[in-house]
Amino acid sequence: MKVLITGSNGFIAKNLIVHLNELNDFETVTFSRQTSDLQLLNMVSDVDAVVHLAGVNRPPLPEDFIAGNTGLTQSLCEALLESGRSVPVIFSSSTQATQDNPYGKSKLAAENALRDYAAQAGAAVYIYRLPNVFGKWCKPNYNSAVATFCHNIVNDLPIQINDSNATLALVYVDDVINEFISVLNNKPPVDASNFCTVPVQYQTTVGKLAQQLEAFRDSRSSLVTEKVGTGLIRALYSTYMSYLPTTAFAYEVPKFSDPRGDFVEMLKTKDSGQLSYFTAHPGITRGGHYHHSKTEKFLVVKGQACFGFRHILTDETYQLFTSGDQPKIVETIPGWSHDITNVGQEEMIVMLWANEIFDHARPDTIASKVLSDCH
């Protein structure tokens with residue numbers, strides 16, 4: 001499928017082009033401000049679909065809204081009609097189209113031009129009145145509070161909030177792209193009088209947005225990550241990370257060393273514990289304690305280990321051996337004292353997950369020797 005994408009230098013278009021180029025069934029043709037109307041006429045002569053993303057948000061003069069939004073859309077419709085073909089069009093309009101301002105009026109007029117084209121050509125036109133779109137490559141200080149806040153926070157610049165309770169309707173660029181590609185693939189029937197929507201949209205406030213982005217920043221020092229695996233927080237975290245300068249691609253974490261080896265905490269979570277790793281020199285035993293409630297998972301990634309266990313009531317003992325050559329998770333059991341001994345000839349490296357963040361006030365770690373045969 002050959003797809004013409006207008007506004008190819010914009011951030012939605014950049015994301016769309018990358019996604020389409022990853023697929024085998026699409027060829028992209030791009031239109032930007034440097035493309036002439038004559039070139040546009042040639043472009044539409046053999047495309048299978050158009051994704052119309054071009055437009056202006058903050059031009060120098062109010063009248064530029066008409067030229068950049070309405071005028072360009074009219075030129076596109078005229079070129080499509082002149083081609084004599086019924087080409088489907090996806091159009092990124094705006095929720096501002098209902099507002100009595102120059103930008104909204106120009107977007108509404110563009111919508112009407114496309115509806116006229118649809119009626120004349122018998123073509124499907126998919127009009128999306130998008131709310132605030134955010135994601136990687138969005139230009140800060142332009143039309144997205146998310147982009148501006150991300151840029152400022154990662155660069156230690158202040159952010160300006162006029163009303164922290166002001167509501168924000170947000171849609172993530174990847175969800176927009178997924179919707180557009182679905183339409184290109186399936187070309188569903190559309191009622192010319194209705195608007196299309198991106199299924200996944202979010203509601204928040206300016207204040208909550210700022211707090212969440214600042215929490216991402218602070219997680220590097222606290223090591224406590226946010227719940228970045230799903231939904232809005234996942235999308236915001238991905239966006240926030242995309243604004244990091246190369247000088248901030250890495251950060252240090254504390255390392256605690258003693259004659260036994262090193263211990264490093266890597267990541268903490270709010271409700272699922274923490275990740276760490278430690279090392280042990282040959283012959284060194286670490287541990288020798290039990291927990292009432294805390295549980296742990298150990299993974300030896302380098303070296304040879306002997307795990308020893310002793311039931312604190314019955315004195316039953318148990319031991320097992322693992323190595324970095326054959327990955328195996330070893331779990332600690334409440335009420336069993338446990339330790340780990342490096343029984344190899346090289347430094348041992350072990351990953352450790354505990355189901356709760358270590359609390360110095362209530363460590364739930366009681367010293368108790370194992371006395372297994374590992375020693």
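Coordinates for the structure precede this section.
This one's a predicted model, so the numbers in the text were calculated from it and none came from an experiment. (Residues numbered from 1 in each chain as written. Predicted model: local features only at pLDDT ≥ 70, side-chain atom pairs only at ≥ 80, totals over all residues. Heavy atoms only, no water.)

A.B. asks: An account of the pattern of salt bridges is requested, with residue identities and associated values reported.
C.D. replies: Using the criterion set out here, one finds 11 salt bridges in the structure. Residue Lys136 pairs with Asp174 through a salt bridge whose shortest N-O separation is 3.9 Å. With Lys136 in the loop between β6 (132–134) and α5 (145–154) and Asp174 in helix α6 (residues 173–186), this pair connects stretches of sequence that are 38 residues apart. Here Asp258 ties to Arg260 by a salt bridge, and the two come within 2.8 Å at their closest N and O atoms. According to the relative accessible area criterion, Asp258 is partly exposed, its value standing at 31%. (Salt bridge = Lys/Arg side-chain N within 4 Å of Asp/Glu carboxyl O. Helix = DSSP H or I, 4+ residues; strand = E, 2+ residues; numbered from the N terminus. Buried < 20%, exposed > 50% of the residue type's maximum accessible area, 1.4 Å probe, protein only.)

A.B. asks: Before we move on, can you summarise the sheet that holds strand β3 (residues 49–52) with the specific residues and values?
C.D. replies: The strands making up a sheet associate through backbone hydrogen bonding, with each pair oriented either parallel or antiparallel. Taken together, the five strands give an open sheet; going across it, the order is β2-β1-β3-β4-β5, and neighbouring strands pair in parallel fashion. Each of the sheet's edge strands pairs with one partner strand only, and the pair in question is β2 (27–31) and β5 (125–130). Averaged over all pairs of adjacent strands, the angle between their axes in this sheet comes to 20°, without regard to strand direction. Bridge analysis of strand β1 (residues 2–6) against β3 gives four bridges, and the strand direction is parallel. Opposite Leu4, over in β3, you have Val50 as the bridge partner. Sitting on the sheet, helix α4 (residues 102–121) touches β3, β4 (89–94) and β5, and the angle it makes with β4 is about 160°. (Pairing = 2+ DSSP bridges. Axes fitted to C-alpha atoms, helices over the stretch in contact; angles between N-to-C directions. Contact = heavy atoms within 4.5 Å.)

A.B. asks: Outline α5, supporting the account with residue identities and numerical values.
C.D. replies: Here α5 lies mainly inside the structure; eight of its 10 residues are buried. Along α5, the residues classified as buried are Val146, Ala147, Thr148, Phe149, Cys150, Asn152, Ile153 and Val154. On its buried side, α5 packs onto β6, β7 (167–172), α7 (206–222) and α8 (231–242). With a side-chain oxygen positioned 3.3 Å from the backbone nitrogen of Val146, the residue opening α5 is Ser144. Asp156 sits one or two residues past α5 and shows a positive phi near 55°. (Polar contact = N/O pair within 3.5 Å; in protein donor to acceptor, adjacent residues only side chain to side chain.)

A.B. asks: Account for the sheet that holds strand β10 (residues 261–268), with residues named and values stated.
C.D. replies: Strand order in the open sheet formed by six strands is β9-β10-β11-β18-β13-β16, and the pairing between neighbours is antiparallel. The outermost strands of the open sheet, each flanked by one partner alone, are β9 (255–258) and β16 (329–331). For this sheet, the mean inter-axis angle between neighbouring strands, taken without regard to orientation, is 20°. Relative to strand β11 (residues 274–280), β10 runs antiparallel, the two sharing five bridges. Paired with Leu267 across the two strands is Leu275, which belongs to β11.

A.B. asks: How would you sum up the pairing of strand β12 (residues 285–290)? Please name residues and give values.
C.D. replies: Relative to strand β17 (residues 336–342), β12 runs antiparallel, the two sharing four bridges. The partner of Thr285 across the bridge, within β17, is Thr341. Summarising the sheet, β12 and strand β19 (residues 366–367) pair through two bridges and their orientation is antiparallel. Directly across from Tyr290, in β19, lies its bridge partner Ile366.

A.B. asks: Explain the pairing of β17 to me, and be specific about the residues and the numbers.
C.D. replies: Among the seven residues that make up β17, seven are buried, leaving the element largely enclosed by the rest of the structure. Side chains of β17 alternate between two faces, with Trp336, His338, Ile340 and Asn342 and Ser337, Asp339 and Thr341 buried alike. Taken together, the seven bridges between strand β14 (residues 304–311) and β17 define a ladder with antiparallel strand orientation. If you follow Ala305 over to β17, its bridge partner there is Asn342.

A.B. asks: Which residues make up a nonpolar patch on the surface, and what values go with them?
C.D. replies: Among the surface-exposed residues, Tyr277, Val301 and Met351 lie close enough to one another that they form a single nonpolar patch of about 240 Å² accessible area. With respect to the secondary-structure elements, Met351 resides in strand β18 (residues 348–354). (Patch = residues over 30% accessible without salt bridge, like charges linked within 9 Å, V, L, I, M, F, W, Y side chains within 5 Å. Areas by Shrake-Rupley, 256 points an atom, 1.4 Å probe, with all protein chains shown as cover.)

A.B. asks: So what's going on with the nonpolar core? Which residues, and what values?
C.D. replies: Formed by 51 residues in total, the largest nonpolar core has its most connected members in Ile5, Ile12, Val51, Tyr128 and Leu213. In this view, Leu213 contacts Val146, Phe149, Cys150, Ile153, Leu236 and Tyr240; residues no more than four positions away in its chain are not counted. In this structure, Phe31, Ala123, Val125 and Ile127 belong to the second largest nonpolar core, which totals 25 residues. (Core = buried A, V, L, I, M, F, W, Y, C linked by side-chain atoms within 4.5 Å.)

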